[in-house]
Amino acid sequence: MAASIFAAVPRAPPVAVFKLTADFREDGDARKVNLGVGAYRTDEGQPWVLPVVRKVEQQIANDASLNHEYLPILGLPEFRANASRIALGDDSPAIKENRVGGVQSLGGTGALRIGAEFLRRWYNGNNNTATPVYISSPSWENHNSVFVDAGFKDIRTYHYWNAAKRGLDLHGLLDDMEKAPEFSIFILHACAHNPTGTDPTPDEWKQIAAVMKRRFLFPFFDSAYQGFASGSLDKDAWAVRYFVSEGFELFCAQSFSKNFGLYNERVGNLTVVGKDADNVQRVLSQMEKIVRTTWSNPPSQGARIVATTLTSPQLFAEWKDNVKTMADRVLLMRSELRSRLESLGTPGTWNHITEQIGMFSFTGLNPKQVEYMIKEKHIYLMASGRINMCGLTTKNLDYVAKSIHEAVTKIQ
Amino acid sequence: SSWWSHVEMGPPDPILGVTEAFKRDTNSKKMNLGVGAYRDDNGKPYVLNCVRKAEAQIASKKMDKEYLPIAGLADFTRASAELALGENSEAFKSGRYVTVQGISGTGSLRIGANFLQRFFKSSRDVYLPKPSWGNHTPIFRDAGLQLQSYRYYDPKTCSLDFSGAMDDISKIPEKSIILLHACAHNPTGVDPRQEQWKELAAAVKKRNLLVYFDMAYQGFASGDINRDAWAVRHFIEQGINILLAQSYAKNMGLYGERVGAFTVICSDAEEAKRVESQLKILIRPMYSNPPINGARIASLILNSPDLRKEWLVEVKSMADRIIGMRTQLVSNLKKEGSSHNWQHITDQIGMFCFTGLKPEQVERLTKEFSIYMTKDGRISVAGVTSGNVGYLAHAIHQVTK
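- Within an unreviewed UniProt entry, the label attached to chain B reads Aspartate aminotransferase, and the organism entered is Casuarius casuarius.
- Per its UniProt entry, chain B bears the Subunit (unreviewed entry) comment "Homodimer."
- A UniProt comment under Sequence similarities (unreviewed entry) is attached to chain B, and it reads "Belongs to the class-I pyridoxal-phosphate-dependent aminotransferase family."

- Per an unreviewed UniProt entry, chain A is named Aspartate aminotransferase, and its organism is Casuarius casuarius.
- In UniProt, chain A has this text filed under Sequence similarities (unreviewed entry): "Belongs to the class-I pyridoxal-phosphate-dependent aminotransferase family."
- Reading the Subcellular location (unreviewed entry) entry of the UniProt record for chain A gives the comment "Cytoplasm".

Structure below.
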């Protein structure tokens, strides 16, 4: 038989964050802790299906009038409109002026990809393969792959994390924006920056917006943690709404994986804000063409759950409460971890643990220290030193704090 | 000014346009024969009983919502491969295949197209049958491949142009990619007979072509899942390592849940692992991992003996209703006194039927009788019921006599 056409296909390396979880699963040590993958966990270390989600799922299951027919290409209309409303605010001028559109997508990733594909085709002329795309350094590692696979050839980083001061490198960021070619695309984390947990302050966002406006840079927001970061939907959407109020046209890729706990239903929305309704309509018509060759139309279950929740005042209130429960637990774990490290006298400063926000914290641990944590202490975290605060519980806080102390003092 | 001033309005979708016009029509006798979804004999969407049962079981288990692996629900992908290949398949038993969950048929096709673009360096050309599903062309094009065609449908006989197909295939450059509809060809409803499939297999083997099967109607076409998968299985048995896209939209009525699978038959299990690793690298920047709801339903049905049995009965009943409507349409046309040969209506198989009607006749059907179909004369037999088949026959006869 002739040699296979796939004989030369190389074995690809596993995606790091999933490999980490796989290794964690295989670890037989009773003390093991998984601070890797970004999913919420209860204080018992268990996944948590939001009570409001269980309620709505039951409602959907009991509704015999529902069927499994195709959704429209752009998705469930009630979902799209309400998802965008959550991002932009009830009183958003853009919504009032009918210049907002939504594309229901498969999670935040799907929204990013559809947005990226659209920009490559239509953003600045009809072929944007050479248009620079700027991604923060560091960022979620999949951002790079999304834009590469969408066809962009010139992907650059912008300064973001200052390791020495363990905070935002605002000066470097603004400098990169000043030097970026006009019309470059910038991927901005709306809140709860992944992986650093470090967000610009409102004043810093104002400076960023001013430069972007002057240099004609395009804001593509990634909003995966609205509500989950501070506990307040409005607070976590401040940056996106500020940009809208400053007259920007923008994209915002929304994920409902974390704030609704709907990880595996793949619920996302690409919110498009344009200058006027006509522009938005034409943009959506082209989005349809892109969606049609990617997945034809999106899955209905998750969108139904979110739409039902957002359109019922009672369920909406319940949801906000559930979200606050998650955000509060994360905030508690942050303060508990910090106070333990400070009590232990662990070398270095640890205020960044409580100053950072959202699911993740950039601990500042170096790769060798991380390796020590994994191999010797069976505590799994990313090589970058990123930990998922949700992996901490009242039961393992002491062990994790002591282990970090050991790693920092033993390994340089 | 706006970033989007130069963005053109996308051309309206021809099939959606049919449905839009249908909705606006106030004629009580109107018929929508554009719809690509099954309807029961009352013209209503049909949720399978086995699906309802599976859903109830799933709801009672109160499972979590954690991310699926990138390749999807393992119980589903394994069962999906087994359904297509057959439990006795050597390829299945030896594990020399990889199956990943895809976003229904479209998503599965697209994963394969992207994979070919990245790893199949022998050719950029995908040969589609003429005609093919309208979305095949943009899917492969957006993946970065080029489209060619081979003769397939003979409008003179409303059946397969077998000699034309064989002739064209014999001339396709070696190592090109050829797409075949496993059963219930969309849009024509024209499938090769088994003897013809045997010759097609020999022909593609001779030209050393890479075969990509699109199977969106297994079970839905003839009512028999094994019969509908015969071509796929025959090709594999002939040593042709195919690519395969499956959809559960129609055969399980799971349209909006987006349940599908993409399979690559490999030389051995080791190669399958390498291919799988690369498929995951492609999927992650598209949507990270697939939606669980529909896959859980399909998995439960395929893997539970009782539910699977029930499913096989229900899918057969859907296929039988379609076949029954074809038969009734032809007999009603005869009763109307039509002298034309309408045998192709019952010879064709699956949801769609290429009636052979010309654009002017289609236009008259719409204007005079409020019967909506695409301009190429394609009707969705799913839109025909015992209540309206007489009206349809009458109308067709009026515009063709």
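Text resumes after the structure shown.
1. What to know about the domain arrangement of chain A
Residue and element names in this part refer to chain A.
Part 1 of the reasoning: Taken as a whole, chain A is organised into domain 1 (16-48 + 327-410) and domain 2 (77-311).
Part 2 of the reasoning: The centre of domain 1, based on its C-alpha atoms, is set 28 Å off from the matching centre of domain 2.
Part 3 of the reasoning: In this assembly, 20 residues from domain 1 lie in contact with 18 residues from domain 2.
Part 4 of the reasoning: Both faces considered, domain 1 and domain 2 share a buried interface measuring about 1,500 Å² in area, 63% of it formed by carbon and sulfur atoms.
Part 5 of the reasoning: At the junction of domain 1 and domain 2, the tally comes to five residue pairs in polar contact (both at pLDDT 80 or more).
Part 6 of the reasoning: Residue assignment for the side of domain 1 that touches domain 2 shows that the elements contributing at least two residues are helix 13 (313-344) and strand 11 (360-362).
Part 7 of the reasoning: Classifying every residue of the side of domain 1 that touches domain 2 gives 11 nonpolar, eight polar and one charged.

2. Comments concerning the environment of Val-100 of chain B
Residues and elements named next belong to chain B.
Part 1 of the reasoning: By the element assignment, Val-100 lies in strand 2 (residues 97-103).
Part 2 of the reasoning: Residues Val-100 and Ala-74 lie 26 residues apart in sequence; the distance between their C-alpha atoms is 8.4 Å.
Part 3 of the reasoning: Discounting residues that sit within four places of it in the chain, Val-100 has contacts with Ala-71, Thr-77, Ile-111, Gly-260, Ala-261, Phe-262, Leu-279 and Ile-283.

3. Notes on the packing of aromatic side chains
All names here are of chain A.
Part 1 of the reasoning: Overall, the coordinates contain 47 aromatic pairs over all chains when judged by the stated rule.
Part 2 of the reasoning: Note on Phe-183 and Phe-216: the rings are 6.0 Å apart at their centroids and 40° apart in plane angle, and the pair reads as tilted. Residue Phe-183 is found in the loop between helix 7 (170-179) and strand 7 (185-189), and its partner Phe-216 is found in the loop between helix 8 (202-214) and strand 8 (218-223); the two are separated by 33 residues along the sequence.
Part 3 of the reasoning: Among the residues examined, Phe-183 registers a relative accessible area of 28% and is labelled partly exposed.
Part 4 of the reasoning: When its relative accessible area of 42% is taken as the criterion, Phe-216 is described as partly exposed.
Part 5 of the reasoning: With centroids separated by 5.9 Å and ring planes inclined at 50°, the aromatic side chains of Trp-205 and Phe-221 adopt a geometry described as tilted.

4. Considering the UniProt feature "domain: Aminotransferase class I/classII large" (unreviewed entry) in chain A
Part 1 of the reasoning: When the UniProt feature table is mapped onto this chain, "domain: Aminotransferase class I/classII large" (unreviewed entry) is found at residues 31-404 of chain A.
Part 2 of the reasoning: Secondary structure across residues 31-404 of chain A comprises 46% helix and 14% strand; the distance between its end C-alpha atoms is 14 Å.

Here is what the cut-offs are and how they apply
- Residues numbered from 1 in each chain as written.
- Chains lettered and ligands numbered in written order.
- Predicted model: local features only at pLDDT ≥ 70, side-chain atom pairs only at ≥ 80, totals over all residues.
- Heavy atoms only, no water.
- UniProt positions renumbered as here; feature names shortened; annotations may be inferred.
- Domains from an automatic or database assignment.
- Contact = heavy atoms within 4.5 Å.
- Buried area = accessible area lost by both parts, 1.4 Å probe.
- Polar contact = N/O pair within 3.5 Å; in protein donor to acceptor, adjacent residues only side chain to side chain.
- Helix = DSSP H or I, 4+ residues; strand = E, 2+ residues; numbered from the N terminus.
- Nonpolar A, V, L, I, M, F, W, Y, C, P; charged D, E, K, R; others polar.
- Phe/Tyr/Trp six-rings, centres within 6.5 Å; stacked < 30°, edge-to-face > 60°.
- Buried < 20%, exposed > 50% of the residue type's maximum accessible area, 1.4 Å probe, protein only.

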